[in-house]
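# Results of the structural survey
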Amino acid sequence: MAFPTTRMRRLRASPAMRGLVRETELRADRLVLPLFVSETTSAREPIEAMPGIERLSIAAAVQEATEAAALGLGAVLLFGIPAEKDREGSGAWDEDGAVQLAIAAVKQAFPELLVITDVCLCEYTDHGHCGVLRPDGGVDNDATLELLARTAVSHARAGADIVAPSDMMDGRVGSIRTELDAEGFVETPIMAYAAKFASTFYGPFREAADCAPEFGDRRSYQLDPGNGREAVREALLDASEGADMMMVKPALAYGDVIRAVKRATRLPVAAYNVSGEYAMVKSAVATGYMDERATVTEILTSLHRAGADIVISYHSKDAARWLSQG
Ligand code: PBG
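Computed from a predicted model, the values in this text were never measured in an experiment. Note on numbering: residues in each chain are counted from 1, in written sequence order. This being a predicted model, a pLDDT of at least 70 is required before a residue's local features are given, and a value of 80 or more before pairs of side-chain atoms are given or counted; all residues contribute to the totals for chains, interfaces and linings. The basis for every side-chain value is the complete set of heavy atoms in the structure, and neither hydrogens nor water enter the calculation.

### Description of the overall build of the protein
Selection criterion: Helix and strand definitions follow DSSP, with helices as H or I runs of at least four residues and strands as E runs of at least two, each counted in order from the N terminus. Remark: exposure states derive from per-residue accessible area (1.4 Å probe, protein chains only) relative to the maximum for the residue type, with buried under 20%, exposed over 50%, and partly exposed in between. The criterion used for residue contact is that any of the two residues' heavy atoms lie within 4.5 Å. The Shrake-Rupley method, run with a 1.4 Å probe sphere, supplies the accessible areas, and residue values consider only the shown protein chains as cover. For the charge count, each Lys or Arg is scored as positive and each Asp or Glu as negative, with His and the chain ends excluded. We put the charge of a Lys on NZ, of an Arg on CZ, of an Asp on CG and of a Glu on CD.
The secondary structure content of the protein amounts to 12 helices and 10 strands. By residue count, 53% of the 326 residues in the protein fall in the buried class. Taking the contacts inside the protein whose residues are at least 6 apart along the sequence as the reference set, 74% of them involve residues at least 24 apart. When the accessible surface of the protein is split by element, carbon and sulfur atoms take 52% of a total near 14600 Å². For the protein, the separation between the mean place of its 34 positive charges and that of its 47 negative charges on side chains is 12 Å.

Have a look at this one:
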C-alpha cells in the first residue's frame, strides 16, 4: 500500500500536478524594487556593499522604473540621498529633493507603476539618527513627528502612491495621517514599518545611503530582535492610528513575526528582504557554493509562505526575469 504522503511526492514529479497542489506562488506583481536616488550622482554609482545595486541620478531612476514596469513589478520604493545634511534633516521635505523630483519623473513616465516612498530623516540628518536630537543626545520623539508628517506630505504632493514611514517614532502614523488628510491626500495609504528590528542586517544600506549613526545606535527606537510580542503590539498601535499596510523588517530571520502581524492586524503585510540579506546571498553565490536563482527563489517563496503579501527585495528584477523565463 502507498501512504498518502508517498502518493503526493510521486504526483509532484509531474509539472502539472506540481502546479495543481502548490501552496505558494511567486509573482512579479507582488515584488517591490528599492531605488537609491542621489543628488550627487551624475548617472550611476556602484554601491560596494551591494554588488549590482547603484546610487542613481533621477534619469537613471527613471531607467530603472522602465525596467520595473516592463518586468511587471508591483512597485518601486524610493530612498533619497541628499547633497547636504543638517541637524533637522530638512532635505527630507525639500520639494526639489531627489525623492520628490524622482517621484514626479517616474509617475510622468509610468503613471501605472506604483511609487512607494521611504519616509525617514536618517538619510538627511548630519548625525544619522531618524529624528531630531535632544540636548542629551536622545531622539526627541514628539518634535520628530511634525517633520515626518511634513516629509510624507511633500512626497504625496509630488505624486507618491504610498508613503512608508520607517523611523519607528511613536505616534508617527497618526500624525502623518492627520497631516495627509488636512492637505487633501485622504486617499494616500500608509505602509507602516510596524515591526522594525534593531538589526545588523541594515549594514550595507547604511553604506549605500551614507546614514550610519554618528554616535550610539538605533536601539532606543527600533525593536529588540528577541521580542515578537512587542512587535505585534507595535503593529496593532500603527493599525489603530490608521496604517493601511504593515511592514516587517528584516525579513529572513523574522518569518514568525510576519505571520503574527498578519494574523493580528489582518492588513496586507510587506516583508523587507533587506540589504544585508541581499549582500549575504551575493557573497555566498560568489563562492560558487550556492546558485543565485535557486537561493533567491527559495528565500522569496518562503517569505510569502510565512504570510507576506508583498516582498521588497533588491533581487526583484532578477526574480521577475527568472519568472518570465519559466
Ligand atoms: C531608515 C531605513 C533603513 C532601511 C530602510 N529604511 C536603515 C536603518 O534603519 O538603519 C534599511 C533597508 C536595508 O537594509 O535594505 N530610513
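### What to know about the environment of Ala319
Structurally, Ala319 is set in helix α12 (residues 316-325). Accessibility expressed as a relative area gives 4% for Ala319, which makes it buried. Taking the C-alpha atoms as reference points, Ala319 and Leu300, 19 residues apart in sequence, are found 8.7 Å from one another. Look past the residues within four positions of Ala319 in its chain and what remains in contact with it is Leu31 and Leu300.

### Regarding the site of the ligand
Definition in use: Neighbouring residues are identified by heavy atoms, a residue being near a molecule or strand if any of them is within 4 Å of it. We call two N or O atoms a polar contact when they sit within 3.5 Å, provided that within protein one can donate a hydrogen and the other can accept it, with sequence-adjacent residues counted only if both atoms are side-chain atoms. Residue type decides the class: Asp, Glu, Lys and Arg count as charged, Ala, Val, Leu, Ile, Met, Phe, Trp, Tyr, Cys and Pro as nonpolar, and the leftover types, Gly among them, as polar.
Around the ligand sit 18 residues in total, of which Lys196, Arg206, Lys249, Ser275 and Tyr314 are the nearest. Between the ligand and Lys196 there is a distance of 2.6 Å, counted from an oxygen atom to a side-chain nitrogen or oxygen. In the model, an oxygen atom of the ligand is placed 3.0 Å from a nitrogen or oxygen of the Arg218 side chain. Look at the ligand: alone it shows 400 Å² of surface, and the protein chains cover 100% of it. Of the residues that constitute the shell around the ligand, the class distribution is nine nonpolar, three polar and six charged.

### So, the nonpolar core
We apply this condition: We call a set of buried residues a nonpolar core when its members are Ala, Val, Leu, Ile, Met, Phe, Trp, Tyr or Cys and they connect through side-chain atoms within 4.5 Å of each other.
Grouped together as the largest cluster of nonpolar side chains are 107 residues, with contacts concentrated most on Phe36, Leu78, Ile176, Met191 and Tyr272. Counting residues per element, this core draws most heavily on helix α5 (residues 141-158), which supplies seven residues. Not counting chain neighbours up to four residues away, the residues in contact with Phe36 comprise Ile47, Met50, Ile53, Glu54, Arg55, Leu56, Phe79, Ile81, Phe205, Ala208 and Tyr314.

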